[in-house]
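If you want the building blocks of each chain, they are given just below.
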Amino acid sequence: KTQRDILPAILDNLQNLPIDLKQHFEVKHYHGLDGLKQMLWNHLSAKKEIIGFSYKNKNDMVGKPFAEQIREEQVERKIMLYEVENETDQGNLWYTNVTGWNKYYNSRYISPEILVIKQYIAVYNNTVSIANWVGKVLVGVEIENAIFTETQRQIFWQLWKIADSAKTKKKK
């Protein structure tokens, strides 16, 4: 076949590329402390922001030295982090010494009566990352899918609005 003969098929493939990308679905599994560290490192591939439901503190998840390295990289790369939490510092930032962290981190408290958060869930690019480190169970998954990620992003921003309205309530 000549190039002229195969051109229509190439054009069809190119037109379907955005649809194919949205339908792409990949799941990656992570285990142990090294797996959770890899997941946090992967968050740094975020193009502009990470949004998430935060459970406890990353210092508790992977240790303060590695958590600080992640924070430093995030500031260096200018990646904004928005988190909805059941336990939040409300701007105190007692857990970190990273200069400039306050410019790239914003958290809001949400009452456990509205949403109980017991795992760390982060959304960035086309990925939803879920990490569990309760007790000795250190596991996580990353789900890469544009449609699934967009749904999670919408849920987050709706809960962010609710958390904002609850911000004036005192945390226990």
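Before going into details, it helps to say that this report is about the structure given with it.

What counts, and at which threshold
Residues numbered from 1 in each chain as written. Predicted model: local features only at pLDDT ≥ 70, side-chain atom pairs only at ≥ 80, totals over all residues. Heavy atoms only, no water. Helix = DSSP H or I, 4+ residues; strand = E, 2+ residues; numbered from the N terminus. Buried < 20%, exposed > 50% of the residue type's maximum accessible area, 1.4 Å probe, protein only. Contact = heavy atoms within 4.5 Å. Salt bridge = Lys/Arg side-chain N within 4 Å of Asp/Glu carboxyl O. Expected span 1.5 Å × (residues − 1). Arc of directions from axis to C-beta. Pairing = 2+ DSSP bridges. Phe/Tyr/Trp six-rings, centres within 6.5 Å; stacked < 30°, edge-to-face > 60°.

**Describing the overall build of the protein**
Reasoning step 1: Each helix and strand in the protein was counted, giving five helices and seven strands.
Reasoning step 2: Traced from its N-terminal end to its C-terminal end, the protein shows the element sequence α-β-α-β-α-α-β-β-β-β-β-α.
Reasoning step 3: Burial statistics for the protein: of 172 residues in total, 43% are counted as buried.
Reasoning step 4: Within the protein, contacts between residues separated by at least 24 positions form 72% of all contacts whose residues are at least 6 apart in sequence.

**A word on unusual backbone geometry**
Reasoning step 1: For K56, which is not glycine, the phi torsion reads 60 degrees and is therefore positive.
Reasoning step 2: Using a relative accessible area of 42% as the deciding quantity, one classes K56 as partly exposed.
Reasoning step 3: Despite not being glycine, K78 has its phi angle at roughly 60 degrees, a positive value.
Reasoning step 4: Structurally, K78 is set in the loop between α4 (64-76) and β3 (80-85).

**So, the pattern of salt bridges**
Reasoning step 1: Considering all chains together, one arrives at four salt bridges under this definition.
Reasoning step 2: Close ionic contact of E68 with R71 constitutes a salt bridge, the shortest N to O distance being 2.6 Å. With E68 and R71 both in helix α4, this residue pair falls three residues apart, about one helical turn. Grouping residues by exposure puts E68 and R71 together as buried.

**Quick word on helix α2 (residues 32-43)**
Reasoning step 1: Here α2 contains 12 residues, and its C-alpha end-to-end distance of 17 Å stays within 8% of the 16 Å for a straight helix at 1.5 Å per residue.
Reasoning step 2: Listed in full, the buried residues belonging to α2 are G35, L36, M39, L40, N42 and H43. For α2, the buried positions fall inside an angular range of 155 degrees around the axis, keeping them on one side.

**Here's the deal with the pairing of β3**
Reasoning step 1: The buried fraction of β3 amounts to five of the six residues, a majority that puts the element mostly inside the structure.
Reasoning step 2: Summarising the sheet, strand β2 (residues 49-54) and β3 pair through six bridges and their orientation is parallel. Across the sheet, residue I51 finds its bridge partner in β3, namely Y82.
Reasoning step 3: As defined by bridge partners, β3 adjoins strand β4 (residues 105-109) across five bridges and the pair is classed as parallel. Bridge pairing links Y82 to N106 in β4.

**Quick look at the packing of aromatic side chains**
Reasoning step 1: Enumeration according to the criterion identifies 10 aromatic pairs in this entry.
Reasoning step 2: Measuring from ring centre to ring centre gives 5.4 Å for W94 and Y95, while their planes differ by 90 degrees; the resulting arrangement is edge-to-face.
Reasoning step 3: The exposure class assigned to Y95 is buried, which follows from its relative accessible area of 5%.
Reasoning step 4: Between W101 and Y105, the ring centres sit 5.2 Å apart and the planes meet at 15 degrees, which makes this aromatic pair stacked. Both residues of the pair, W101 and Y105, belong to the buried class.
Reasoning step 5: Three or more aromatic residues link up through ring pairs in this structure, and these residues are F53, Y82, F156, W157 and W160.

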